[in-house]
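Residue-level structural notes
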Amino acid sequence: QAAMARALVARRFSQLKLDFTEHDSWEATARHWCLALHDALRAHPHVTDLMTAADRDVIRDYVAALLESTVRSGMPRPLAIECCRGLTNLTLNHSMAEAKFLRDPSPAAAEERRKIDKNFPRLVEWVITAVAAESAATPPTKISASRPRRSRAGAKSPATSKGA
């Protein structure tokens, strides 16, 4: 039964069109990224409710696009990886919790859903603000125009693989 649920989640989310859009700053890109993913998950609450940590691979390319955009902005890759991982976990966990509240038709559950929904953009903004502050305190990285883009989130750059 668990394998069937994983297959259903993978199939349904592979059909989603999570179009990555880069904005004028990494902060705006990350904010829109989180809200778009959250909206896509909210549009399919019954499938989102079936999600577990094992299902995170269904959005790997979407996460990789955010990671590469963040690195291109000059953020050090290790910080960008942590930032993207945190935003991904925040968005998925928040969306899964919201989906679980949909099963409960009580007024208390409806009120909790309303609070959770209102709280999400604020949490995203807090994470982005904290990462921006840390990034500002870290020397920017130089991005080589000849360096190939990586397609996998968490892939090591040539600099990090040499121990830099």
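What counts, and where the lines are drawn
Residues numbered from 1 in each chain as written. Predicted model: local features only at pLDDT ≥ 70, side-chain atom pairs only at ≥ 80, totals over all residues. Heavy atoms only, no water. Phe/Tyr/Trp six-rings, centres within 6.5 Å; stacked < 30°, edge-to-face > 60°. Helix = DSSP H or I, 4+ residues; strand = E, 2+ residues; numbered from the N terminus. Buried < 20%, exposed > 50% of the residue type's maximum accessible area, 1.4 Å probe, protein only. Salt bridge = Lys/Arg side-chain N within 4 Å of Asp/Glu carboxyl O.

Details of the packing of aromatic side chains
Summed over the entire model, instances satisfying the criterion amount to one aromatic pair. Centroid distance Trp33 to Tyr62: 5.0 Å. Interplanar angle 15°. Geometry classified as stacked. In this pair, Trp33 is assigned in helix H2 (residues 26-42) and Tyr62 in helix H4 (residues 60-72), connecting sequence segments 29 residues apart. Pair check on accessibility: Trp33 and Tyr62 agree, each one buried.

Some words on the pattern of salt bridges
Tallied over the entire structure, the rule returns eight salt bridges. Close ionic contact of Arg72 with Glu22 constitutes a salt bridge, the shortest N to O distance being 3.0 Å. Here the residue Arg72 occupies a position in helix H4, and Glu22 occupies one in the loop between helix H1 (2-14) and H2, the gap between them amounting to 50 residues. Ionic pairing is found between Arg103 and Asp49, a salt bridge with its closest N-O pair at 3.3 Å. Placement of Arg103 in the loop between helix H5 (77-102) and helix H6 (107-136) and of Asp49 in helix H3 (residues 45-50) is noted, with a sequence separation of 54 residues between them. Note on Arg103: relative accessible area 57%, which makes it exposed. The exposure class assigned to Asp49 is buried, which follows from its relative accessible area of 15%. Taken together, the shared-partner salt bridges in this structure form one network comprising Arg42, Glu98 and Asp117.

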